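Here's the letter readout for the chains.
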Amino acid sequence: MRFETMERFNRLEQRLDSMKTGSGRRVEEAVKRMEVEGDSNLGGFSGIGLELGKDKVKKMMIERDDLNVVGIWGIGGSGKTTLANEICRDNQVQSYFNNRILFLTVSQSPDLEQLRAKIWGFITGNEPLNYTRKLQCEWGSGPQALVVLDDVWSLPVLEQLIFRVPTYKTLVISRFKFPRSVVNEVYEVELLEEDESMSLFCRSAFGQNSIPPTANETLVKQIVDECKGLPLALKVIGASLQDQPEMYWINARKRLSRGELICESHENKLLDRMAISVECLKKKVKECFMDLGSFPEDKKIPLDVLVNMWVEIHNIDEEEAFTILMELSDKNLLTLVKDARAGEAYCSYHEICVTQHDVLRDLALHLSNKGEVNERKRLLMPRRDTELPRDWEKNADQPFNAQIVSVHTGEMREMDWLHMEFPKTEVLILNFCSDKYFLPPFIDDMPKLRALIVINHGTTEATLENFSVFTNLANLRSLWLEKVSVPQLSNATVPLRNLRKLSMVLCKVSNSLDPAVLDLPQIFPRLSELVIDHCDDLVKIPLSICKVNSLQSLSLTNCHRLRELPADLGMLKKLQILRLSACPELRMLPPSIGELVGLKYLDISECVNLKCLPKEVGKLVSLEKIDMRDCLQIVNLPTPAALSNLKSLQRVICDDEVFGHWRNLEKTVPNLHVQIAEKWYSLDWLNS
């Protein structure tokens, strides 16, 4: 009965859509017909997820007098409108609001004047049109009323449709997040559980709530799993497979696994409807959304990788990239997996990850894969395969003009690669799962390559072969290596003259950083940021790192065997950010740290065996922030006199033991704020 009702509401929703309030016609009549038809056909209703959601929203509206505006928020096709309709039909809700409930569909291009007039007339009990005058009377009593605003697309529109009247509440349904200053409390629609997904799919595909005996149970479960609990996907895909032979189902499963369309109706009913959320984006934000299709399904994407890519190809800086990320998150087009410090000044982007629902990823792939394969802006492998796609091989006699190329395979040997030319490629993403990996020879034919991302999803570090392809990467600016054994770096094999950022995560690096043969200033003359994270064989940093005069940010984090820093660290005069978090074997900071005159941020959090802060820290006149949470051995600080020159210091995060010492410094450093750290531990992104 639940799913029959959902189907009826969908038909009613389509009927409402045909009479969008933006056209300024017949909204009330449409709502009245919806009520009449619904009353005659509703019957019983069940479903644990929907009932829980309904109960939560009801409590917000009925039991919370302090909440005037309540929201229902969720991904397109997640059942927001269905939930809102069920709430409006609930007897307790109707009784609380004395049957005074107005349901309006706002849409992307609303007629605001007409909508405001309708709402005002509904609140006052009068027909238009004096809603523009200021309220002259007190609204402390009177019947309760509820206005439901469905399909709201923008904050400015919403702000004009909310009247602050005590006896009147607003329920806002949207794909987008709105600030709490406008929408006081939000219920985020949860996707369906496994059993509910199966029931809804079977209802659409077989006309019953379970898999019939004649169907291939394994095949049905695989297709349902591809829908990831999204009601719209389950219904559309189920309906498209109704009465089709088994071979058609097998082909559908394969196409879904590759992020492809099953049939024309699949595109029209699902992806086109999902695409509405993307078409409203500004061009640059839309491009960033489509870039997300470059990464594997069901994997967490380190934000550092995204930021590096967006900065290089979209002509933006890191701050704008982060702003775009937040916009995509607010519009429910991706999900942020946050570290506790995410978004703070000087936080590292590799502490934040991004995930995306598979249907949204399929949408990004669908939008990117239009047009001839050689002319696409993004050349993408949607799923891991044992070989490169056939259409790449068929068209390899002509250059590929893609700006982004993403390859996802298992182990690749030299003979497995095609000869391909990429004269315009600026970003290459290599995802694989193996112990050995032969880097693609066609990197030599990428003269404009600016960002290279190499990620191994296997269980152990992979050995990279064909490292000589780096000799022609004169324009490479960003290099991300993850879970690989980094080959030995030398001036002969890696002349990366324009490399700005090098990130090595979960790598074996001891061979590559051999101090006896490594001359970092010669190999990386323009390097401004070095990240070494979760590299458990790192014991000592090469002395030559102190001669990389261009270095502005140095992150040595979660390196559990790192014991000491170079004595000449103070030679890095341009260094602004120094992160040393979670290095438990690190016992001291070199006195030369006081010579880092440009240092603005020092992170020594979770360095549990660090004995003290050297008194030379007091010479860091540019220092703005120190994070020293969970530094268990540090119970005293240098004298207030030694720290009195820290005039730029604005924030210190520390433990109880040294809180009082830092507070004493607030008398001489007027802008200083000292904060006791909250306990946090998160390595969730490693489980991707």
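Nothing here was measured: the structure is a model prediction, and the numbers come from that model.

1. Examining the sheet that holds strand S5 (residues 185–188)
Argument step 1. Strand order in the open sheet made by the five strands is S2-S3-S4-S1-S5, with parallel pairing throughout. Strands at the two margins of the open sheet, each flanked by one partner only, are strand S2 (101–105) and S5. On average, each strand axis in the sheet is inclined to that of its neighbour by 15 degrees, with strand direction left out of account.
Argument step 2. As defined by bridge partners, strand S1 (residues 69–73) adjoins strand S4 (residues 168–174) across five bridges and the pair is classed as parallel. Bridging from a neighbouring strand, Val70 pairs with Leu171 of S4.

2. A look at the pairing of strand S11 (residues 427–432)
Argument step 1. Among the six residues that make up S11, six are buried, leaving the element largely enclosed by the rest of the structure.
Argument step 2. By the alternation rule, side chains of S11 split into Val427, Ile429 and Asn431 and Leu428, Leu430 and Phe432, which are all buried.
Argument step 3. Examined bridge by bridge, S11 and strand S13 (residues 451–456) share six bridges and lie parallel to one another. For Leu430, the partnering residue across the bridge sits in S13 and is Val454.

3. Focus: the sheet that holds strand S8 (residues 353–355)
Argument step 1. Ordered by their spatial adjacency, three strands build an open sheet running S6-S8-S7, and the pairing between neighbours is antiparallel. In the strand order of this sheet, the two ends are held by strand S6 (301–302) and strand S7 (335–337), each with one partner.
Argument step 2. In this sheet, S8 lies alongside S7 in antiparallel orientation, the contact comprising three bridges. Its bridge partner lying in S8, Leu336 is registered against Val354.

4. Some points on the pairing of S2
Argument step 1. For S2, the tally of buried residues reaches five of five residues, placing the bulk of the element in the interior.
Argument step 2. Sheet topology places S2 next to strand S3 (residues 145–152); five bridges connect them, and they run parallel. By the bridge assignment, Ile101 is partnered in S3 with Leu146.

5. Observations concerning the nonpolar core
Argument step 1. Residues Leu452, Leu578, Ile604, Met628 and Trp662 are the most contacted members of the largest nonpolar core, which totals 98 residues.
Argument step 2. In this view, Ile604 contacts Leu580, Ser581, Leu589, Leu610, Leu613, Asp627, Met628, Cys631 and Ile634; residues no more than four positions away in its chain are not counted.
Argument step 3. In terms of nonpolar packing, the next biggest core, distinct from the first, is built from 65 residues, Cys227, Leu241, Ile313 and Phe322 among them.

6. Some points on the packing of aromatic side chains
Argument step 1. Going through the model one piece at a time under the given rule, you end up with nine aromatic pairs.
Argument step 2. The rings of Phe400, Trp417, Phe422, Phe432, Tyr437 and Phe442 are connected pair by pair, giving a single aromatic cluster.
Argument step 3. In this arrangement the basic side chain of Arg100 is found over the ring face of Phe122, its NZ or CZ atom lying 5.0 Å from the centre.

7. Concerning unusual backbone geometry
Argument step 1. Look at Asn98: it is not a glycine, yet its phi comes out positive at around 55 degrees.
Argument step 2. With respect to the helices, strands and loops of the structure, Asn98 is situated in the loop between helix H5 (91–96) and S2.
Argument step 3. For Asn98, a relative accessible area of 44% gives the class partly exposed.

8. Observations regarding the environment of Asp391
Argument step 1. Along the polypeptide, Asp391 turns up in helix H17 (residues 390–394).
Argument step 2. When the C-alpha atoms of Asp391 and Glu372 are compared, they prove to be 9.9 Å apart, with 19 residues separating the residues in sequence.
Argument step 3. What Asp391 contacts, discounting residues up to four positions off in sequence, is Val373 and Arg376.

9. Some details on helix H6 (residues 112–124)
Along an α-helix, residues three or four apart share an orientation, since each turn contains 3.6 residues.
Argument step 1. Along its 13 residues, H6 runs 18 Å from first to last C-alpha, staying within 8% of the 18 Å computed at 1.5 Å per residue.
Argument step 2. For H6, the complete set of buried residues consists of Leu112, Leu115, Arg116, Ala117, Ile119, Trp120, Gly121, Phe122 and Ile123.
Argument step 3. Along its buried surface, H6 packs onto S2, S3, helix H7 (155–160) and S4.
Argument step 4. Gly125 lies just past H6 and shows a positive phi near 80 degrees.

10. Some details on the packing of helix H14 (residues 303–313) against helix H15 (residues 318–330)
Argument step 1. The interhelical angle for the contact between H14 and H15, taken along N-to-C directions, is 120 degrees, at an axis separation of 9 Å. Seen along the crossing, H14 lies across H15 with a hand that is right-handed. Here Leu303, Val307, Trp310 and Val311 of H14 lie close against H15, whose contacting residues are Glu318, Ala321, Phe322, Ile324, Leu325 and Leu328.
Argument step 2. Of the residues that constitute the contact of H14 with H15, the class distribution is nine nonpolar, no polar and one charged.

11. Points about the confidence of the model for the chain
Argument step 1. Taken over all residues, the pLDDT of the chain has a mean of 81, while the share at 70 or more is 83%.
Argument step 2. Confidence drops under pLDDT 50 across residues 1–9; counting only partners more than four residues distant or on other chains, this segment forms 32 contacts.
Argument step 3. Counting interchain partners and residues more than four positions distant, the pLDDT-below-50 stretch residues 128–141 has 18 contacts.

12. Re the packing of helix H13 (residues 283–291) against H15
Argument step 1. Viewed as axis vectors pointing N to C, H13 and H15 meet at an angle of 75 degrees, and their least axial separation amounts to 10 Å. Comparing the axis directions of H13 and H15 gives the class roughly perpendicular. Between H13, through Lys284, Val285, Cys288 and Phe289, and H15, the contact on the second element is made entirely by Glu320, Ile324, Glu327 and Leu328.
Argument step 2. Residues belonging to the contact of H13 with H15 are distributed by class as follows: five nonpolar, no polar and three charged.

13. Some points on the pattern of salt bridges
Argument step 1. One pass over the full model with this rule turns up 22 salt bridges.
Argument step 2. A salt bridge links Asp90 to Lys58; the shortest N-O distance between them is 3.2 Å. Taken together, the positions of Asp90 in the loop between helix H4 (80–89) and H5 and Lys58 in helix H3 (residues 48–62) put the pair 32 residues apart, joining distant regions of the chain.
Argument step 3. Look at Asp90 and you get buried, because its relative accessible area is 12%.
Argument step 4. Taking the relative accessible area as the measure of exposure, Lys58 reaches 11% and is therefore buried.

14. Quick notes on the environment of Arg587
Argument step 1. Locating Arg587 in the fold gives a position in the loop between strand S20 (577–579) and strand S21 (601–603).
Argument step 2. Residue class for Arg587 comes out partly exposed when judged on its relative accessible area of 40%.
Argument step 3. In this structure, the C-alpha to C-alpha distance between Arg587 and Glu564, residues 23 residues apart in sequence, is 7.2 Å.

Definitions and cut-offs
- Residues numbered from 1 in each chain as written.
- Predicted model: local features only at pLDDT ≥ 70, side-chain atom pairs only at ≥ 80, totals over all residues.
- Heavy atoms only, no water.
- Pairing = 2+ DSSP bridges.
- Helix = DSSP H or I, 4+ residues; strand = E, 2+ residues; numbered from the N terminus.
- Axes fitted to C-alpha atoms, helices over the stretch in contact; angles between N-to-C directions.
- Buried < 20%, exposed > 50% of the residue type's maximum accessible area, 1.4 Å probe, protein only.
- Core = buried A, V, L, I, M, F, W, Y, C linked by side-chain atoms within 4.5 Å.
- Contact = heavy atoms within 4.5 Å.
- Phe/Tyr/Trp six-rings, centres within 6.5 Å; stacked < 30°, edge-to-face > 60°.
- Lys NZ or Arg CZ within 6 Å of the ring centre and 35° of its normal.
- Expected span 1.5 Å × (residues − 1).
- Left-handed = near helix turned anticlockwise from the far one by under 90°.
- Nonpolar A, V, L, I, M, F, W, Y, C, P; charged D, E, K, R; others polar.
- pLDDT = per-residue confidence, 0-100.
- Parallel < 35°, antiparallel > 145°, perpendicular 65-115°, else oblique.
- Salt bridge = Lys/Arg side-chain N within 4 Å of Asp/Glu carboxyl O.

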